[in-house]
Amino acid sequence: MRETKIINQGWYFSDTATACPSTLPSDWKGLDLPHTWNGKDGQDGGNDYKRCKAFYCKEIPASELTGKENYLEFDAVNSSAEVFWNGKSLCVHHGGYSRFRVIIPCDDIKEKNILTVSADNSPNETVYPQTADFTFYGGIYRSVKLICVPETHFDLDYYGAPGITVTPELKGENADIKIQAYTKNADGTTVKFTVLDGENIVGEAQSHDGEALITINNVHLWNGRIDPHLYTLNAELVKDGEVLDNISTRFGCRTFKVDPEKGFILNGKEYPLRGVSRHQDNPDKGNALSYEDHKRDIDLILEVGANTIRLAHYQHAQEFYDLCDESGLVIWAEIPYISRHMHDAYDNTISQMTELVTQNYNHASICFWGLSNEITIAGADDPHLIKNHKDLNNLVHKLDSTRLTTIASVTMCSPDNEYVHISDVLSYNHYFGWYGGSTEMNGKWFDDFHKKYPNKPIGLSEYGCEALNWHTSNPVQGDYTEEYQSYYHEELIKQIAERPYIWATHVWNMFDFAADARAEGGENGMNHKGLVTFDRQYKKDSFYAYKAWLNPEPMVHLCSKRYIDRVEDVTKVTVYSNCNEVELFANGVSVAKQTKGKYPFFYFEVKNEGETTLEAKADGLTDTSTIRKVDTPNEDYIMKEENQVINWFEITTPTGFFSINDTIGDIMSTFKGKICMVKLLLLIKKVMSQGTKDGKAEVMGFSFGKINKSMIESMYGMVKGFTIKRCFMMLGNKFTKEQILEVNAMLNKVKKK
Ligand code: GCU
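Computed from a prediction, not measured in an experiment: that's the story for all the values here.

**Re the site of the ligand**
Here's step 1: If you check the shell around the ligand, you find 13 residues, and the closest are Asp133, Glu374, Tyr435, Glu462 and Lys529.
Here's step 2: Take Asp133: an N or O atom from its side chain is 2.5 Å from an oxygen atom of the ligand.
Here's step 3: A distance of 2.4 Å is found between an oxygen atom of the ligand and a side-chain nitrogen or oxygen belonging to Tyr435.
Here's step 4: Relative to its unbound accessible area of 320 Å², the ligand is 92% covered by the protein chains.

Right under this line is the structure:
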């Protein structure tokens, strides 16, 4: 029988060693897995985290190798791994998010063996991802196991897959369960299958070739968050009456489809997919997570009321997909084929996709396989990119005929482009109202698309906006306040709710996450678009906007609790509640009672005098906050510029003339403004080429030389809403104060229209 042992304890680690050691390097740093070496430097900004090859080493005594065949299983090593046994290389694996296994050579087992694994996250043009808005933490950041099996066993050699596939097909009240088990050295064996519903056996079969069909009568459906019912399939490999190996997997029975008009349909009923995307990393730990970390994330996602998650931008942990199965979340799973198409990484997209699909085939929660994300930033007319996508799409259909393929397209890519019509269903990432454009452009974009392509299901795979602990009574786009984020999401909720044809919507992002190259919002190294902070400790107001909209459990939430000191005499107070009536009290006196309109958002005007305790009451529930009248704005609420080179009061803004506080679009609308922009581009080119490998300017991993006319045109639509100041910030604060003030002075001489 198989024995599976987790071997996470007692490793030695070095990020300075240059080769696999020949003896146990007990002078290296001792540690336990999971581990990353980028827990700190991958989160503190500057895009300077250590990307290198590092080595992990561990002694494995022969007594541990109890099988006739012994496999090592790695749940994930980022980004490339090489496994050595007693100094000899056993395998190389490229792709940092999927599982892989390797067999230990039975003719090289000593009393004490040395297992060495190199993990390499240094730049590599043949492995995805290389350009993306998140940190590529290096390390063995998920578990390592030893699987000891007899010579005859269920397959362990095929792409890290579980050795068994289950394909339920609904037939009226019943379900036909098509089963295929894969075996090794299995001549003369029988596979015994048992289907369990809880403790009860509901189906059995025997097979000589691993193939079987079991019918479950009166099948209990897996019905999303309403009733995520799972069955268990056990498989035993039997020879001469003896059970040699056994495995088990869970599965769910459901049907789904996507209708271009009605959206997602689960088990025959409309089931609009409304949810979030998830990045997995945590403070200091990076991606080296525990089960508790995954569970905490799922609980928060369930609390917000989501019924779907886009698990971006890579394969997530098995524990997490299991939690999704159990909680009835509909999942979009994807590979990190992202941002920049690399001509030498075609094979890597194929292997990462094969692993994603084969390793996760039995998960009831997964309904969509994502082929790529914003891959056409540099343009969509590269025939190699198109071929890569067509091949991936065909590959997925061959591996799995039961699910749909999708892509997350970047805003700038034209809906007429061949690329966006390759996958079964389509999605777009849109940031109108954040990076550029206004919030209402979202709905309009979808209506235009839907009109032009009425038969193509269209989804919103990303939308969102940053918020830190900054506050204001006058939120504006790009201010990074909690109040603007709330406003933005209220607006987006209204537009989504009116468009049931949008087959899925995923907020970017459920959690703040690390992107070491970022310098935005006053805290470098982070993307702050989360509904919840990076440490999972603070739910921002927009979390409650979704909770009020999506989670039917009665709730009431007073917004802006961290915004106490206010200068105005009358202040706006926002309450989110799914109850029919909300009454607001100020120091115990009723301010007003309001009845719910179309959306669960309530707005009150409150007199701001002295200190006021606010209470929002609804359905026996109360939420409380405090406001205080002050004469001058509390500086703590204003975005800290200490990480920025320039303070707001140093920017001169003469009336009627431009400054760096103006948008690219406005500046470009005048002839002299255009000349200033050319000069600015030359400055950007100069600054961004300092310190790069080949002396060529780089912006977000794109070489400046490769930025062509069509790219500029397509990006212009988005960046024209950016102020010049924001551009400086987004380029990583690489400019000196003098340079910025010089640009400002140049703009100060140009008259506005
Ligand atoms: C992109 C991208 C994300 C990124 C996000 C953002 O469109 O797909 O990976 O984090 O936008 O800018 O926040």
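Moving on from the model shown.
**Some details on the packing of aromatic side chains**
Here's step 1: Within this structure, the stated rule accounts for 31 aromatic pairs.
Here's step 2: Measuring from ring centre to ring centre gives 4.9 Å for Phe74 and Phe100, while their planes differ by 15°; the resulting arrangement is stacked. With Phe74 in strand β5 (residues 69-74) and Phe100 in strand β9 (residues 100-103), this pair connects stretches of sequence that are 26 residues apart. The pair Phe74 / Phe100 is uniform in exposure class, with both members buried.
Here's step 3: If you follow Arg562 out to its NZ or CZ, it ends over the ring of Tyr538, 3.6 Å from the centre.

**Side note on the pairing of strand β32 (residues 426-429)**
Here's step 1: Every second residue of β32 is oriented toward a common face, with Leu426 and Tyr428 on one face and Ser427 and Asn429 on the other, all of them buried.
Here's step 2: Alignment of strand β31 (residues 404-410) against β32, held across three bridges, turns out to be parallel. Paired with Ser409 across the strands is Tyr428, a residue of β32.
Here's step 3: As paired strands, β32 and strand β33 (residues 458-462) are joined by four bridges and run parallel to one another.

**Some thoughts on the nonpolar core**
Here's step 1: Ranked by size, the top nonpolar core spans 117 residues in total, and within it Ile309, Met510 and Ile724 carry the most contacts.
Here's step 2: If we ignore the near neighbours within four places in the chain, the residues touching Ile309 are Val276, Ser277, Arg278, Ile298, Ile301, Phe320, Cys324, Leu329, Val330, Ile331, Trp332 and His506.
Here's step 3: Grouped together as the second largest cluster of nonpolar side chains are 28 residues, Trp11, Leu65, Trp85 and Val117 included.

**Details of the layout of surface pockets**
Here's step 1: Each pocket or cavity is described by its volume, and for the second largest pocket that value is around 930 Å³.
Here's step 2: Forming the boundary of the second largest pocket are 30 residues, of which Val476, Asp479, Thr481, Ile638 and Met639 lie nearest the centre.
Here's step 3: Secondary structure elements with two or more residues in the lining of the second largest pocket: β38 (565-566) and α11 (724-730).
Here's step 4: Element by element, the count of residues in the lining of the second largest pocket is highest for α11, at three residues.
Here's step 5: Taken together, the residues that form the lining of the second largest pocket break down as 12 nonpolar, 11 polar and seven charged.

**Quick look at the packing of helix α1 (residues 291-304) against helix α2 (residues 318-327)**
Here's step 1: One can describe the packing of α1 onto α2 by two numbers: an axis separation of 10 Å at closest approach and a directional angle of 35°. For α1 against α2, the interelement crossing comes out right-handed. Of α2, the residues touching α1 (which contributes Tyr291, His294, Lys295, Asp297, Ile298, Ile301 and Leu302) are Glu319, Phe320, Leu323, Cys324 and Ser327.

**Focus: the sheet that holds strand β4 (residues 53-61)**
Here's step 1: Reading across the sheet, the six strands line up as β3-β2-β4-β10-β7-β8 and stay open at both edges, with antiparallel pairing between neighbours. The outermost strands of the open sheet, each flanked by one partner alone, are β3 (29-31) and β8 (88-94). Strand-to-strand, the axes of this sheet are offset by a mean angle of 25°, without reference to chain direction.
Here's step 2: As defined by bridge partners, strand β7 (residues 80-85) adjoins β8 across six bridges and the pair is classed as antiparallel. Counted as the bridge partner of Ala81 is His93 from β8.

**Quick notes on the environment of Ala175**
Here's step 1: Relative to the helices and strands, Ala175 resides in strand β15 (residues 174-181).
Here's step 2: Overall, Ala175 belongs to the buried group, its relative accessible area being 0%.
Here's step 3: Measuring from C-alpha to C-alpha, the distance between Ala175 and Phe649 comes to 69 Å, with 474 residues separating the pair along the chain.
Here's step 4: If we ignore the near neighbours within four places in the chain, the residues touching Ala175 are Glu169, Leu170, Ile214, Thr215, Ile216, Val219 and Cys253.

**Let's talk about the state of the cysteines**
Here's step 1: Under the criterion given, the structure shown has zero disulfides.
Here's step 2: Cys52 takes part in no disulfide bond, and the closest cysteine sulfur to it belongs to Cys57, at a distance of 16 Å.
Here's step 3: Sulfur of Cys559: no disulfide; nearest cysteine sulfur belongs to Cys465 and is 14 Å away.

**Considering the packing of helix α6 (residues 482-497) against helix α7 (residues 541-550)**
Here's step 1: Between α6 and α7, the least distance of the axes is 8 Å, while the angle of their chain directions is 25°. In this view, α6 runs roughly parallel relative to α7, as classed from their interaxial angle. Of the two possible hands of crossing, α6 and α7 adopt the one that is right-handed. Facing Glu482, Gln485, Ser486, His489, Ile493, Ile496 and Ala497 of α6, the residues of α7 in contact are Asp541, Ser542, Ala545, Tyr546 and Trp549.
Here's step 2: The residue makeup of the contact of α6 with α7, split by class, is six nonpolar, four polar and two charged.

**A look at the sheet that holds strand β37 (residues 556-558)**
Here's step 1: Reading across from one edge, β37-β39-β42 is the order of the three strands in this open sheet, with antiparallel pairing throughout. Each edge of the sheet is formed by a strand with only one pairing partner; in this case those strands are β37 and β42 (601-607). Each neighbouring strand pair of the sheet contributes to a mean axis angle of 25°, computed without reference to strand direction.
Here's step 2: Relative to strand β39 (residues 570-577), β37 runs antiparallel, the two being bridged by three bridges. Its bridge partner being in β39, Val556 is matched across the sheet by Ser577.
Here's step 3: The sheet strands contacting α6 are β39 and β42, and the helix crosses β42 at an angle near 145°.
Here's step 4: Running over the sheet, α7 touches β37, β39 and β42 and is turned about 45° from β39.

So, how was this worked out
Residues numbered from 1 in each chain as written. Predicted model: local features only at pLDDT ≥ 70, side-chain atom pairs only at ≥ 80, totals over all residues. Heavy atoms only, no water. Near = heavy atom within 4 Å. Polar contact = N/O pair within 3.5 Å; in protein donor to acceptor, adjacent residues only side chain to side chain. Areas by Shrake-Rupley, 256 points an atom, 1.4 Å probe, with all protein chains shown as cover. Phe/Tyr/Trp six-rings, centres within 6.5 Å; stacked < 30°, edge-to-face > 60°. Helix = DSSP H or I, 4+ residues; strand = E, 2+ residues; numbered from the N terminus. Buried < 20%, exposed > 50% of the residue type's maximum accessible area, 1.4 Å probe, protein only. Lys NZ or Arg CZ within 6 Å of the ring centre and 35° of its normal. Pairing = 2+ DSSP bridges. Core = buried A, V, L, I, M, F, W, Y, C linked by side-chain atoms within 4.5 Å. Contact = heavy atoms within 4.5 Å. 1 Å grid on protein atoms, 1.4 Å probe; cavity = no way out; pocket = protein on both sides within 12 Å on 5 of 7 lines; lining within 4 Å. Points joined across faces, edges and corners; volume = space filled by probe spheres on them. Nonpolar A, V, L, I, M, F, W, Y, C, P; charged D, E, K, R; others polar. Axes fitted to C-alpha atoms, helices over the stretch in contact; angles between N-to-C directions. Left-handed = near helix turned anticlockwise from the far one by under 90°. Disulfide = S-S within 2.5 Å. Parallel < 35°, antiparallel > 145°, perpendicular 65-115°, else oblique.

Such coordinate-based values are descriptive only and should not be taken to indicate function.
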